[in-house]
Number of protein chains: 2
Amino acid sequence: MLLVADNLQIIYKNIEEAIKTLDPKPIQDLVKECEAAGAEAIDINSGPLSHDPAKKMAFLVEAIQAVSDLPVLLDTSNPKAIEAGLQANKKQAIINGFSLEPAKRDAILPLARKYETDIIGYLLSANGHVPSNEAERLHVAIELYKAFQQAGIDNQHLIIDPVVVPVMWHNGTEQAIEILSAVRNLPEVLGFAVRTIAALSNLTTGKGPLGAKLLLEKAYLPMLASSGLSMVLLNIFHHETVNIAKTCKLLTTPNIFTWEELT
Amino acid sequence: MLLVADNLQIIYKNIEEAIKTLDPKPIQDLVKECEAAGAEAIDINSGPLSHDPAKKMAFLVEAIQAVSDLPVLLDTSNPKAIEAGLQANKKQAIINGFSLEPAKRDAILPLARKYETDIIGYLLSANGHVPSNEAERLHVAIELYKAFQQAGIDNQHLIIDPVVVPVMWHNGTEQAIEILSAVRNLPEVLGFAVRTIAALSNLTTGKGPLGAKLLLEKAYLPMLASSGLSMVLLNIFHHETVNIAKTCKLLTTPNIFTWEELT
């Protein structure tokens, strides 16, 4: 299970300012901190970048890759920004992502073929709604895979995001459990060892006490890991959650156990 | 998922002394502390009680039930001690437990019928060996269930323990993952909603740093919970693990989530 830092987000004032002024330093400092904290990939959550998207995403990818070899996830709904990121990319970039929503399917999915890169597909219906249970998620996954195949991309490039919803939703805990089952069953349903990714922070979106949010993260992450999740998007500065994640990796990877790996 | 305290063990000097002198106070103090810490049942790990087993187990059950309404698990290989515990029991007692080992199958299993009580069955082979993978565990489970049925006991009284092994064993991490799958598949294999129990502390048996042991507990417990485990035997004074356990219960129980339940 690969740990992807979700800490680089335009919603943070200093990041917004750095992008606006094309100042690489705050971006690079953050990325180095993420890597030191255990990040194995960096999600670039730039938002839609409505003004000058290509220039800004290229700046972000170059800034990060000047100080880090980690894969970057191009996390925006703007196809121009994604393509600029892919052109700027000198290491590994992953498109994050597409869905059955026509605008994303038609404008973003083809970029994965053009640049021969991994792409994340969200289990959302064509109108952008979150499926309400596992059966609906698997149905969407089959449709998503059809679109993916029609775009002529190799299976190995697909990563599916089952879309974790806030536990505060009226059916939040049930959805959390349905997602575990969907993650476990996706490879069998699609007929190959499809990779999966989940955004852990989504579970605790909204107002709530930090201690309770961290407990939810620490309890849900091992459930995702034992369901076979390939990548997890999380706040890499939540050190206890990251320690749990590392322990999950130890437990779910065939190996001879030694205490040193946990100390 | 019911939390069963594994803290009442004869290996602790004060408990050994209390049993020897039939002094209820240390036992009762411990049980009250366990209940305050979140215990929903108490495992009475008395060892074989080779000297005066009936008197000692009756004393233990009476001492505990004088101060607590929690179910007690009669955790000994001595059938005389178990029967004395069942006779002394005024609330709920669970036999812990039997296996395919002939001595246990023949002397302990019939007590569950005689006293119409729940009984835990260990997934161990007839010679007491731990199965090496899920397939062997499920095979043992079928044999165990046959013996259980032949004893004429209702399905609802069976609780299966898949036998967690130390992660330090050469195949310890693989066994941990095989057990998750066995717990998930047991109801389908046996054809009814059989309950399951696992001893979490077994995972970290042996020497090792406490911090790493707690991480392993906190990572493995949610995996067990999401596999459908019914009861977990754990050190109820490991508060962080207990908080994770409570969070798992919230996540795996259909309910409307509120933060208050975690604070």
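Residues numbered from 1 in each chain as written. Chains lettered and ligands numbered in written order. Predicted model: local features only at pLDDT ≥ 70, side-chain atom pairs only at ≥ 80, totals over all residues. Heavy atoms only, no water.

### Focus: the relation of the copies chain A and chain B
Put simply, the rule is: The copies are overlaid by a least-squares fit using only the C-alpha atoms of residues whose pLDDT is at least 70 in both copies. Here a residue-residue contact requires only that any non-hydrogen atoms of the pair lie within 4.5 Å.
Rotating chain A by 180 degrees and moving it 0.0 Å along the rotation axis overlays it on chain B with an RMSD of 0.0 Å. The superposition operator between the copies reduces to a two-fold rotation axis. Relative to the rotation axis, the C-alpha of Met 223 of chain A is the closest in chain A, positioned 2.4 Å from it. Most of the interface of chain A is mirrored in chain B: 100% of its interface residues are interface residues there too.

### Describing the sheet that holds strand S7 (residues 195-199) of chain A
Residue and element names in this part refer to chain A. For the record, the criterion: When DSSP finds two or more bridges between a pair of strands, those strands are recorded as paired. Counting from the N terminus, the helices are DSSP H or I runs at least four residues long and the strands are E runs at least two residues long. Between N-to-C directions, angles cover 0 to 180 degrees, with each direction set by a line fitted to C-alpha atoms, over the stretch in contact for helices.
Taken in spatial order, the eight strands of this closed barrel run S1-S2-S3-S4-S5-S6-S7-S8, and their pairing is parallel. With direction set aside, neighbouring strand axes in the sheet form an average angle of 25 degrees. Relative to strand S8 (residues 231-234), strand S1 (residues 2-9) runs parallel, the two being bridged by four bridges. In the sheet register, Ala 5 faces S8, and the bridge partner there is Leu 234.

### Section: the packing of helix H8 (residues 172-190) of chain A against helix H9 (residues 210-226) of chain A
All names here are of chain A. Here is the rule we go by: We call two directions roughly parallel when the angle between them is under 35 degrees, roughly antiparallel when it is over 145, roughly perpendicular when it lies between 65 and 115, and oblique otherwise. Whether a crossing is left-handed or right-handed is set by the direction in which the near helix is turned from the far one by less than a right angle, anticlockwise for left-handed and clockwise for right-handed. Three categories are distinguished: nonpolar for Ala, Val, Leu, Ile, Met, Phe, Trp, Tyr, Cys and Pro, charged for Asp, Glu, Lys and Arg, and polar for the others, with Gly belonging to the last.
Contact geometry of H8 with H9 gives a least axis separation of 8 Å together with a crossing angle of 25 degrees. Viewed along their axes, H8 and H9 adopt a mutual orientation that is roughly parallel. By crossing handedness, the relation of H8 to H9 is classed as right-handed. In this structure, H8 contributes Ala 176, Ile 179 and Leu 180 to the contact, and H9 contributes Tyr 220, Met 223 and Leu 224. Partitioning the contact of H8 with H9 into residue classes produces six nonpolar, no polar and no charged.

### Topic: the domain arrangement of chain A
All names here are of chain A. This is how the line gets drawn: Residue ranges labeled as domains rest on an automatic or database domain assignment. The term buried area refers to how much accessible surface (probe radius 1.4 Å) is lost by two components on association, counted for both of them together. By definition here, a salt bridge exists when the distance from a side-chain nitrogen of Lys or Arg to a carboxyl oxygen of Asp or Glu is within 4 Å. In protein, a polar contact means a hydrogen-donor-capable atom and an acceptor-capable atom, both N or O and within 3.5 Å, with residues adjacent in sequence counting only if both atoms are side-chain atoms; elsewhere, any N or O pair within 3.5 Å suffices.
Here the domain parsing of chain A yields domain 1 (1-91) and domain 2 (100-263). Computed from C-alpha atoms alone, the centre-to-centre distance between domain 1 and domain 2 is 20 Å. Counting from both sides, the interface comprises 24 residues of domain 1 and, opposite them, 28 residues of domain 2. For the pair domain 1 and domain 2, the summed buried area comes to about 2,100 Å², and 68% of that belongs to carbon and sulfur atoms. For the pair domain 1 and domain 2, the interface holds two salt bridges. Between Glu 83 and Lys 114 there is a salt bridge whose closest N-O contact spans 2.6 Å. Inspection of the domain 1/domain 2 interface yields 14 residue pairs in polar contact (both at pLDDT 80 or more). Elements supplying a minimum of two residues to the side of domain 1 that touches domain 2: S1, helix H2 (24-36), strand S3 (72-75) and helix H4 (79-88). The element contributing the most residues to the side of domain 1 that touches domain 2 is S1, with six residues.

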